[in-house]
Amino acid sequence: MKNYYLKEYEYFDDDYYIIFTILGLNFDNKTIEIAISNRGKLSVKEYDLFQDCNGNFYFEYGVMLDKIYIKEFKKFEI
């Protein structure tokens, strides 16, 4: 978990960038807790984790259930 804590990912939804920050990750229960910064609003949500045929973990976001892969999150740098 410590390798993923506070890593971020920028997602573009065709209008704005949404920033996801990992707060918690539980591979046993297959859940992820994410802080979401979306259009000036900050929220914290828990999502189910899924695994693709290559063994990569992801969660689904938005109306179209876009796949957000955990391996694409990067360490926040100032």
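Residues numbered from 1 in each chain as written. Predicted model: local features only at pLDDT ≥ 70, side-chain atom pairs only at ≥ 80, totals over all residues. Heavy atoms only, no water.

A. How the structure looks around the pairing of strand β6 (residues 57-61). In the sheet, strand β5 (residues 50-51) pairs with β6 via two bridges, with the strands oriented antiparallel. Across the sheet, Gln-51 pairs through a bridge with Phe-57, a residue of β6. With antiparallel pairing between neighbouring strands as the criterion, β5 and β6 make up a hairpin whose turn holds five residues, including Gly-55 at a positive phi of roughly 90 degrees. The turn linking β6 back onto strand β7 (residues 66-69) is made up of four residues, and Gly-62 within it adopts a positive phi angle of 85 degrees. (Pairing = 2+ DSSP bridges. Helix = DSSP H or I, 4+ residues; strand = E, 2+ residues; numbered from the N terminus.)

B. Local environment of the pattern of salt bridges. Summed over the entire model, instances satisfying the criterion amount to one salt bridge. Note that Arg-39 is salt-bridged to Asp-13, the shortest N-O span being 2.7 Å. With Arg-39 in the loop between β3 (31-38) and β4 (41-48) and Asp-13 in the loop between β1 (7-12) and β2 (17-26), this residue pair connects regions lying 26 residues apart in the sequence. (Salt bridge = Lys/Arg side-chain N within 4 Å of Asp/Glu carboxyl O.)

C. Focus on the nonpolar core. Ranked by internal contacts, the top residues of the largest apolar core, which has 16 residues, are Phe-20, Ile-32, Ile-34, Phe-59, Tyr-61, Ile-68 and Phe-73. For this core, the secondary structure elements donating two or more residues are β1, β2, β3 and β6. When residues no more than four places from it in sequence are discounted, the contact partners of Phe-73 are Lys-7, Glu-8, Tyr-9, Phe-20, Ile-22, Ile-34, Phe-59 and Ile-68. (Core = buried A, V, L, I, M, F, W, Y, C linked by side-chain atoms within 4.5 Å. Buried < 20%, exposed > 50% of the residue type's maximum accessible area, 1.4 Å probe, protein only. Contact = heavy atoms within 4.5 Å.)

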